Amino acid sequence: MSVTIDITGLPHERILFQPSPLAELGNALHALAEPAHHARLHAWTTATSAALRPELADRLLEADFMWRSTRSDFLLPPRPRETLAEELDDLDRMEDERFVGAALEISCSTSHYPKGLPSPLVDAWSRRRALDLAAARGPRQAAFVERMLADPTATRAWIRRLLEDCDQAFFADTWRRVRVQLAADARDKSELLRRKGLAQALTVASPALSLEEDEHGARIVADKLVHGRTEARDTALTLLPSVFGWPHLFVIYAPGWQPVIQYPVAAHEVGGTESVETVTLRLDALTHPMRMRLCRNLARGMYSTNELADAYGITAPEVSRHLAVLRKAGLLITQRRGRYVLHQLDLAVVTRLGGDFLESLLR
């Protein structure tokens, strides 16, 4: 079984390798919703989930059918932009019927997807199907789908605000770290395409991708446990590299959509690697029993020096000395609020030292 994209006559100039911030945000949200799919991202998902505001976490649960088990097609843009805001602007220009149809295709159905169902906004059967699928996922998502069908404009604005809030809460920093690797991967594949041809570029991008050529034309074949066909003869083809998408390989092949392939780049630990000296410094900072106890509070929220001193019955100068050690090791986030200085453990850094350690702090 496979998904086949007919590219007969498509010039190489219309085959684009380029990263997409929206696509990578969709993958990051999927990793948060299904961390068991992404063991390599354990440090990132643990730290990010722990730091999410409860209000934002609740909103993510309302909408997670768009990225939990499948990926809504609008999250894989055919024309990637430099910024998430630009890609969200492109989404705002999409017709309601098209957007809602993509958002509510949440069944992972291998029988309906290749045919392209009419939008639930204009077709009674599709509307009933969308409501039934949402109801099976619980009252929260049923209410969300009912709201989208009743007022798609307001619900689309709600989704945009949700993605923007995710960007502000955690994704902007993550994107700054991974975009360099994704851009480099896209440049490498583009250069391979130019110098050695599409077959070589596809094989290097993913062993699940290949090029078939014969007297009937040329086709890209994605080795997947589904069957589908589409064509890019008169449009274009976009290939999106992804760090957070591993091990998934996504292909958009729905009727009326430009074909898009998202492929995982080489294994990469989000957050980068630290020197042995830095790791040693951080581990040494955490060996003191009092600093371990302070970390228990600092992992849960922001505290002032006086609050910590009061909690543990020690002097403020003693707390300050312990905090200075943690700060020198790069383990603290410090913010000033008026005349108060508040401290919090940097969960992302601590998680990279060991998920078990972080979980013991948050237990």
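Residues numbered from 1 in each chain as written. Predicted model: local features only at pLDDT ≥ 70, side-chain atom pairs only at ≥ 80, totals over all residues. Heavy atoms only, no water.

Draft legend 1. Geometry of helix α1 (residues 21–33). Over its 13 residues, α1 extends 18 Å from the first C-alpha to the last, a length consistent with the 18 Å expected when each residue adds 1.5 Å. Counting buried positions along α1 yields 13 of 13 residues, so the element is predominantly enclosed. For α1, the capping residue at the N-terminal end is S20, with a side-chain oxygen 3.4 Å from the backbone nitrogen of L22. (Helix = DSSP H or I, 4+ residues; strand = E, 2+ residues; numbered from the N terminus. Expected span 1.5 Å × (residues − 1). Buried < 20%, exposed > 50% of the residue type's maximum accessible area, 1.4 Å probe, protein only. Polar contact = N/O pair within 3.5 Å; in protein donor to acceptor, adjacent residues only side chain to side chain.)

Draft legend 2. Representation of the sheet that holds strand β9 (residues 303–304). Read across the open sheet, the three strands follow the order β9-β11-β10; overall the sheet is antiparallel. With partners counted over all chains shown, the strands left at the sheet margins are β9 and β10 (332–337), one partner each. Direction of pairing for β10 relative to strand β11 (residues 340–345): antiparallel, over a ladder of six bridges. Looking across to β11, one finds that L332 is bridged to L345. Its contacts with the sheet put helix α11 (residues 289–298) on β9, β10 and β11, and the angle it makes with β11 is roughly 100°. (Pairing = 2+ DSSP bridges. Contact = heavy atoms within 4.5 Å. Axes fitted to C-alpha atoms, helices over the stretch in contact; angles between N-to-C directions.)

Draft legend 3. Local environment of the pattern of salt bridges. Within this structure, the stated rule accounts for 21 salt bridges. When the shortest N-O distance is used, the salt bridge between D96 and R156 registers 2.7 Å. Of this pair, D96 sits in helix α5 (residues 96–103) while R156 is found in helix α8 (residues 152–196), placing the two residues 60 residues apart along the sequence. Residue class for D96 comes out partly exposed when judged on its relative accessible area of 24%. Judged by relative accessible area, which is 10%, R156 ranks as buried. The shortest N-O distance in the salt bridge between D185 and K189 comes to 2.7 Å. Within this pair, D185 and its partner K189 are both found in helix α8, separated by four residues, close to a single helical turn. Classification of D185 as buried rests on a relative accessible area of 12%. (Salt bridge = Lys/Arg side-chain N within 4 Å of Asp/Glu carboxyl O.)

Draft legend 4. Geometry of the packing of aromatic side chains. In this structure the tally under the stated criterion is seven aromatic pairs. Relative to Y263, the ring of F17 has its centre 6.2 Å away and its plane inclined at 75°; by these criteria the two rings are edge-to-face. Of the two residues, F17 sits in strand β2 (residues 15–17) while Y263 sits in strand β8 (residues 260–264), which places them 246 residues apart along the sequence. Y263 matches F17 in its accessibility class, with the two residues each being buried. Here W44 and F244 contribute two aromatic rings whose centre-to-centre distance is 4.7 Å and whose plane-to-plane angle is 75°, an arrangement assigned as edge-to-face. In this pair, W44 sits in helix α2 (residues 42–51) while F244 sits in the loop between β6 (237–242) and β7 (250–252), placing the two residues 200 residues apart along the sequence. In this structure, W44 and F244 share a single accessibility class: buried. In textbook terms, an aromatic cluster arises when at least three aromatic residues are bridged by ring pairs, as seen for W44, F170 and F244. (Phe/Tyr/Trp six-rings, centres within 6.5 Å; stacked < 30°, edge-to-face > 60°.)

Draft legend 5. Spotlight on the sheet that holds strand β1 (residues 3–6). With respect to topology, four strands assemble into an open sheet ordered β3-β4-β1-β5, the strand pairing being mixed. Of all strands in the sheet, those with a lone pairing partner are β3 (209–214) and β5 (228–231), marking the two edges. Geometrically, the sheet is characterised by an average inter-axis angle of 20° between neighbouring strands, direction not taken into account. Relative to β5, β1 runs parallel, the two being bridged by four bridges. For T4, the partnering residue across the bridge sits in β5 and is R229. Sheet strands touched by helix α9 (residues 198–205): β3 and β4 (217–222). Its angle to β3, the strand with the most contacts, is close to 155°.

Draft legend 6. Highlighting the environment of L163. As for its placement among the helices and strands, L163 is situated in helix α8. Note: C-alpha distance between L163 and H322 (159 residues apart in sequence) is 38 Å. When near neighbours in sequence (up to four residues on either side) are disregarded, L163 contacts L22, L25, L29, L84 and L88.

Draft legend 7. Here's a closer look at unusual backbone geometry. The omega angle of the peptide bond from W246 to P247 is 10°, so this bond is cis rather than trans. With respect to the secondary-structure elements, P247 resides in the loop between β6 and β7.

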